[in-house]
Amino acid sequence: MSVSTAAIDPSVCAPLPVLGQNVTVPLVTGGEVTYAALDYAASAPALQRVWDDVAAYAPYYGSVHRGAGYLSQLSTDLFENSRRTVAEFLGCRAEDQVVFTRSTTDSLNLLAAAIPADCQVFVYETEHHASLLPWRDAQVTYLNAPRTPGQAVETLERALADRDPYGPALVCVTGASNVTGELWPVKELAAAAHAHGARIVLDAAQLAPHHPVDIAELDVDWVAFSGHKLYAPFGSGVLAGRADWLQAAEPYLAGGGASRKVARRADGGVDVDWHTTAARHEAGSPNVIGVYSIASACKALTEAGFDSLVAREQELVSRVREGLAEVPEVQVLSLFGDDAPRVGVISFVVRGWNSSHFAAALSAEYGIGVRDGLFCAHPLVRTLLGGEPQDPGECGAPEAEPGERSLNAIRVSFGAGTPDEHIDRFLRAVTELVREGAQWKYRTEDGRCVPDRGEVARTV
């Protein structure tokens, strides 16, 4: 998968309007500043377009699939039309199903519950925990972190060729790393999986908000992603792809909506006829607003021109990487090297700094929101930092004191709603913190690095 900016002028593509773009936050040094949200990889701010669409629908809110009233019928149409919108956004094949879930984590756990009993699962240690951990009832082979895209394909081919017994197999891989932002060779991995009789699921949580995803073109069997990373509110996700394993599995949740017919037996038991459509795994009253939000975000990104959005983001990626390269104390983390294509997710460490201390100073002194920790990808971050599995450091809760090195990193991430000023302020802040130090003193409180109120570190 490659990213091209040819023939596109990033300057003609303005940031998309998002919620919170004018929110001000207090600085520990005094005064206020407009908040710079640079933690898109955790949760992107909702698009204003999405919020407006939800607000317009809200007065017509009704329960779906079961009501004879007008609002229920309208909501049902909106819900099912959203399914079609998502299918089109993902380039689904005619026979694919779109199942609505709570998140990427929920989607992959649903698939894990649906795989055949004798299925072998292959997953790289580089995965986010959402795709690393759900396969508890399967025979799992964890693959070492590759150092090139070609090595990723070769590693998978060897593992699949050596599997014994030769039965159903599933490969789980990210489309874009939530740590390094690097794009993985998804199409090549799909070809390798299929050549060895395996299926493949794409964790597109970090890919879908930044780059078009086409199931048919990539030739993957399933795609999973979350609404809250795709500029929609929390609480909704998608699992889209092949229907056969999903239809053969017991419903992910048992209850109303998943059942087509329920009857008592003469012996006192209950017979259930489950749906074979996506409803089989959507028991209970669905998150209609969340589903509609995802569909609205899909439309907004498409109508804005995804190629232009990609081009502008690549320009921001270049600016951030070039700016960080000018600070010798900064080490940017990478698996595949500097030339690897990537989305707007960049992690780094700063020599002589505890990552939590650095992130806290960015927030308290500059109004910049980034993330520090292991980013729910502990094995990957430890590998990138040359650590051992038993080394200290947890996701978001470093054990080291401010000023001490810890096995954690800092992640800056951005996307379609990021204004240039936020990137400029971030690069200026990094440079000033490294060269001049923090203006304030910090302490560890409840596992987080926070400003020590009233303790100034240097003359402001």
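Thresholds, definitions, all that
- Residues numbered from 1 in each chain as written.
- Predicted model: local features only at pLDDT ≥ 70, side-chain atom pairs only at ≥ 80, totals over all residues.
- Heavy atoms only, no water.
- Helix = DSSP H or I, 4+ residues; strand = E, 2+ residues; numbered from the N terminus.
- Rg over C-alpha atoms; globule rule 2.2 N^0.38 Å.
- Buried < 20%, exposed > 50% of the residue type's maximum accessible area, 1.4 Å probe, protein only.
- Contact = heavy atoms within 4.5 Å.
- Axes fitted to C-alpha atoms, helices over the stretch in contact; angles between N-to-C directions.
- Parallel < 35°, antiparallel > 145°, perpendicular 65-115°, else oblique.
- Left-handed = near helix turned anticlockwise from the far one by under 90°.
- Phe/Tyr/Trp six-rings, centres within 6.5 Å; stacked < 30°, edge-to-face > 60°.
- Lys NZ or Arg CZ within 6 Å of the ring centre and 35° of its normal.
- Core = buried A, V, L, I, M, F, W, Y, C linked by side-chain atoms within 4.5 Å.
- Expected span 1.5 Å × (residues − 1).
- Arc of directions from axis to C-beta.
- Patch = residues over 30% accessible without salt bridge, like charges linked within 9 Å, V, L, I, M, F, W, Y side chains within 5 Å.
- Areas by Shrake-Rupley, 256 points an atom, 1.4 Å probe, with all protein chains shown as cover.
- Salt bridge = Lys/Arg side-chain N within 4 Å of Asp/Glu carboxyl O.
- pLDDT = per-residue confidence, 0-100.
- Pairing = 2+ DSSP bridges.
- Polar contact = N/O pair within 3.5 Å; in protein donor to acceptor, adjacent residues only side chain to side chain.

Draft legend 1. The arrangement of the overall build of the chain in detail. The helix and strand inventory of the chain stands at 13 helices and 19 strands. Computed over its C-alpha atoms, the radius of gyration of the chain comes to 23 Å, within 12% of the 23 Å expected for a compact globule of 460 residues. Summarising its shape, the C-alpha atoms of the chain cover approximately 80 × 55 × 50 Å along the three principal directions. Out of the 460 residues belonging to the chain, those deemed buried represent 56%. Pairs at least 24 residues apart make up 69% of the contacts formed inside the chain by residues separated by at least 6 positions.

Draft legend 2. View of the packing of helix H2 (residues 70-89) against helix H9 (residues 288-304). In the contact formed by H2 and H9, the axes pass within 9 Å of each other and the chain directions differ by 40°. Judged by the inter-axis angle, H2 sits oblique to H9. Here H2 and H9 pass one another in a crossing that is left-handed. In this structure, H2 contributes Ser-75, Leu-78, Phe-79, Ser-82, Thr-85, Val-86 and Phe-89 to the contact, and H9 contributes Val-288, Val-291, Tyr-292, Ile-294, Ala-295, Cys-298, Lys-299, Leu-301 and Thr-302.

Draft legend 3. Here's a closer look at the packing of aromatic side chains. The tally for this structure, following the rule as stated, stands at 11 aromatic pairs. Measuring from ring centre to ring centre gives 6.1 Å for Phe-348 and Phe-426, while their planes differ by 65°; the resulting arrangement is edge-to-face. Here Phe-426 lies in helix H13 (residues 420-436) and Phe-348 lies in strand E14 (residues 345-350), a separation of 78 residues in the sequence. The buried category is assigned to Phe-348, whose relative accessible area is 0%. Given a relative accessible area of 0%, Phe-426 falls into the buried group. Grouped by ring-pair contacts, the aromatic residues Phe-348, Trp-353, Phe-358 and Phe-426 constitute a single cluster. Over the aromatic face of Tyr-166 sits the side chain of Arg-163, whose NZ or CZ is 4.0 Å from the ring centroid.

Draft legend 4. Here's a closer look at the nonpolar core. Leu-90 and Phe-225 are the most contacted members of the largest nonpolar core, which totals 83 residues. In terms of residue count, the dominant contributor to this core is H9 (eight residues). For Leu-90, the residues in contact, after removing those within four places along its chain, are Val-213, Asp-214, Ile-215, Val-223, Phe-225, Val-238 and Ala-240. Ranked by size, the runner-up nonpolar core spans 36 residues in total, among them Ala-364, Leu-427, Ala-438 and Tyr-442.

Draft legend 5. Layout of helix H5 (residues 149-161). Over its 13 residues, H5 runs 19 Å from end to end, which matches the ideal 18 Å to within 8%, given 1.5 Å per residue. Within H5, burial applies to Ala-152, Val-153, Thr-155, Leu-156, Ala-159 and Leu-160. Relative to the axis of H5, the buried residues are bounded by an arc of 160° and lie together on one face. Contact partners of the buried residues in H5: strand E5 (120-124), strand E6 (139-143), strand E7 (169-174) and helix H6 (186-195).

Draft legend 6. Fine view of a nonpolar patch on the surface. On the surface, Tyr-60, Tyr-70 and Leu-71 cluster together to form a nonpolar patch covering roughly 330 Å² of accessible area. In this structure Tyr-60 comes out as partly exposed when scored by relative accessible area, which is 41%.

Draft legend 7. Quick peek at the pattern of salt bridges. By the definition in use, this model includes 25 salt bridges. In this structure, Arg-321 and Asp-338 form a salt bridge, with 3.2 Å as the shortest nitrogen-oxygen distance. Taken as a pair, Arg-321 in helix H10 (residues 306-325) and Asp-338 in the loop between strand E13 (330-332) and E14 lie far apart in primary sequence, 17 residues in all. When its relative accessible area of 18% is taken as the criterion, Arg-321 is described as buried. Under the relative-accessibility criterion, Asp-338 is labelled exposed at 61%. A salt bridge links Arg-425 to Glu-421, with the nearest nitrogen and oxygen atoms 3.0 Å apart.

Draft legend 8. Structural view of the confidence of the model for the chain. Put simply, the chain has an average pLDDT of 92, and 92% of its residues get 70 or more. Counting interchain partners and residues more than four positions distant, the pLDDT-below-50 stretch residues 1-8 has 18 contacts.

Draft legend 9. Geometry of H13. Compared with the 24 Å implied by 1.5 Å per residue over 17 residues, the 24 Å span of H13 between its first and last C-alpha is a close match. Three or more residues of H13 are buried, namely His-422, Ile-423, Arg-425, Phe-426, Leu-427, Ala-429, Val-430, Thr-431, Leu-433 and Val-434. One or two positions beyond H13, positive phi appears at Gly-437, with a value near 85°.

Draft legend 10. Representation of unusual backbone geometry in the model. The omega angle of the peptide bond from Asp-164 to Pro-165 is 5°, so this bond is cis rather than trans. Residue position: Pro-165 is located in the loop between H5 and E7. Phi at Tyr-231 is positive, roughly 65°, even though this residue is not glycine. Take Tyr-231: its relative accessible area is 0%, and that puts it in the buried class.

Draft legend 11. Spotlight on the pairing of strand E10 (residues 237-241). Of all five residues in E10, five are buried; the element is thus mostly enclosed. Across the two faces of E10 the burial is the same, with Gly-237, Leu-239 and Gly-241 and Val-238 and Ala-240 all buried. Sheet topology note: the strand E4 (residues 97-101)/E10 ladder contains five bridges and is antiparallel. Of the residues in E10, the one forming a bridge with Val-99 is Leu-239. By the bridge criterion, five bridges tie strand E9 (residues 222-226) to E10 in an arrangement that is antiparallel.

Draft legend 12. Structural view of the side chain of Asp-96. Of note, Asp-96 is situated in the loop between H2 and E4. The exposure class assigned to Asp-96 is buried, which follows from its relative accessible area of 12%. Polar contacts involving the side chain of Asp-96 include one to the main-chain amide nitrogen of Arg-93, which spans 2.8 Å. Setting aside its immediate chain neighbours within four residues, Asp-96 contacts Ile-215, Gly-241 and Arg-242.

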